Amino acid sequence: SQQGEEDPQALSIQEGENATMNCSYKTSINNLQWYRQNSGRGLVHLILIRSNEREKHSGRLRVTLDTSKKSSSLLITASRAADTASYFCATPPGGAGSYQLTFGKGTKLSVIP
Amino acid sequence: NAGVTQTPKFRVLKTGQSMTLLCAQDMNHEYMYWYRQDPGMGLRLIHYSVGEGTTAKGEVPDGYNVSRLKKQNFLLGLESAAPSQTSVYFCASSYADLPLHFGNGTRLTVT
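Keep in mind that what you see is a predicted model, and the values were worked out from it rather than measured.

## Details of the overall build of chain A
Right, so step 1: Across its full length, chain A carries 0 helices and 11 strands.
Right, so step 2: In sequence order, chain A lays out its α and β elements as β-β-β-β-β-β-β-β-β-β-β.
Right, so step 3: Taken against the 2.2 N^0.38 rule, which gives 13 Å for 113 residues, the C-alpha radius of gyration of chain A at 14 Å falls within 12% of a compact globule.
Right, so step 4: Dimensions of chain A, computed from C-alpha atoms along their principal axes, come out at roughly 45 × 30 × 20 Å.
Right, so step 5: A burial count over chain A gives 44% of its 113 residues as buried.
Right, so step 6: When the accessible surface of chain A is totalled, it reaches about 5,300 Å², and 45% of it is carbon and sulfur.
Right, so step 7: Each charge class in chain A can be summarised by its mean position, and for the 13 positive and 9 negative side chains these summaries are 5 Å apart.

Written as structure tokens, this is what we have:
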């Protein structure tokens, strides 16, 4: 069963605009991770945010986490054509020593030059 | 530093045939995982391993077997392939709750 669900399923923007993707999850978590997948490639880790953090930045990426709403958002600022990819949120199950991630279905982002 | 390497990259099987997918990592990670990715379904966990000699079932384990005889290798076996196993298979590894490192996938078609 899917733990995380991304929204929207697809997003198309112009280069230079900001892109926001959302993730909702069902159970309590220790951390939430965002990954990117370019077409035909494996997933690449972007950011990990722990349950006691509310916001995290990495370059043009900003991730927020609201544990009360069980939701997270990924913001990509000043988007580039190279940001075109699918973006996934992933969460581990609760409980000590449980690290296997459950992925959502992803948001497909298209950045138009 | 190769990271996670999957072989083969592509494979076509006939229904009923068997095959083994190999995953190798050179990062000394304890945890290794096999996922499948189907259109519109995201990634689903097949099996995983928390260390050499150990394996556990994930969300969709039926029709697959795995082995972790060496820490750096995680093998995924299909004993009798079915068209429903047509998918892209990804291997990943990690250290505890740190981020996963993925291979570039194996595209399997079962006719």
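## Here's the deal with the overall build of chain B
Right, so step 1: Of the regular secondary structure elements, chain B holds 0 helices and 11 strands.
Right, so step 2: Listing the helices and strands of chain B from first to last along the sequence gives β-β-β-β-β-β-β-β-β-β-β.
Right, so step 3: On the principal axes, the C-alpha backbone points of chain B span a range of 35 × 25 × 25 Å.
Right, so step 4: Residues classed as buried in chain B amount to 50% of the 111 residues present.
Right, so step 5: A total accessible area of about 5,200 Å² is found for chain B, and carbon and sulfur atoms account for 53% of it.
Right, so step 6: Taken together, the 10 basic and 8 acidic charged side chains of chain B have centroids lying 9 Å from each other.

## Overview of the environment of B:Asn104
Right, so step 1: Within the secondary structure layout, B:Asn104 lies in the loop between strand E10 (101-102) and strand E11 (106-110).
Right, so step 2: Taking relative accessible area as the criterion, B:Asn104 reaches 40% and is therefore assigned partly exposed.
Right, so step 3: With 35 residues separating them along the chain, B:Asn104 and B:Leu69 place their C-alpha atoms 22 Å apart.
Right, so step 4: Those residues within four positions of B:Asn104 in sequence are excluded, and the remaining contacts are A:Gly40, A:Arg41, A:Gly42, B:Gln6 and B:Phe90.
Right, so step 5: For B:Asn104, the side chain forms a polar contact with the main-chain nitrogen of A:Gly42, separated by 3.3 Å.

## What to know about the environment of B:Ser18
All names here are of chain B.
Right, so step 1: Of note, Ser18 is situated in the loop between strand E2 (10-13) and strand E3 (19-25).
Right, so step 2: Along the primary structure Ser18 and Ala82 are separated by 64 residues, whereas in three dimensions their C-alpha atoms are 9.7 Å apart.
Right, so step 3: Discounting chain neighbours no more than four positions away, the residues touching Ser18 are Leu13, Leu78 and Glu79.

## Looking at the confidence of the model for chain A
Right, so step 1: Mean pLDDT over chain A works out to 91, with 93% of the residues at or above the 70 mark.
Right, so step 2: For chain A, the element scoring lowest by mean pLDDT is strand E1 (residues 4-7) of chain A, at 84; strand E7 (residues 61-66) of chain A scores highest, at 98.

## Comments concerning the pattern of salt bridges
Residue and element names in this part refer to chain B.
Right, so step 1: Counted under the stated rule, the structure contains 6 salt bridges over all chains.
Right, so step 2: Here Glu30 makes a salt bridge to Lys71, at a shortest N to O gap of 2.9 Å. In this pair, Glu30 sits in the loop between E3 and strand E4 (31-38) while Lys71 sits in the loop between strand E7 (64-67) and strand E8 (73-78), placing the two residues 41 residues apart along the sequence.
Right, so step 3: Connected through shared salt-bridge partners, Arg36, Asp38 and Arg44 make up one network.

## Comments concerning the environment of B:Gln17
Residue and element names in this part refer to chain B.
Right, so step 1: Of note, Gln17 is situated in the loop between E2 and E3.
Right, so step 2: Taking the relative accessible area as the measure of exposure, Gln17 reaches 37% and is therefore partly exposed.
Right, so step 3: Every residue in contact with Gln17, bar those within four places of it in the chain, is listed here: Leu78, Glu79, Ser80 and Ala81.

Quick notes on the rules
Residues numbered from 1 in each chain as written. Chains lettered and ligands numbered in written order. Predicted model: local features only at pLDDT ≥ 70, side-chain atom pairs only at ≥ 80, totals over all residues. Heavy atoms only, no water. Helix = DSSP H or I, 4+ residues; strand = E, 2+ residues; numbered from the N terminus. Rg over C-alpha atoms; globule rule 2.2 N^0.38 Å. Buried < 20%, exposed > 50% of the residue type's maximum accessible area, 1.4 Å probe, protein only. Areas by Shrake-Rupley, 256 points an atom, 1.4 Å probe, with all protein chains shown as cover. Lys, Arg positive; Asp, Glu negative; His and termini not counted. Charge placed at Lys NZ, Arg CZ, Asp CG, Glu CD. Contact = heavy atoms within 4.5 Å. Polar contact = N/O pair within 3.5 Å; in protein donor to acceptor, adjacent residues only side chain to side chain. pLDDT = per-residue confidence, 0-100. Salt bridge = Lys/Arg side-chain N within 4 Å of Asp/Glu carboxyl O.

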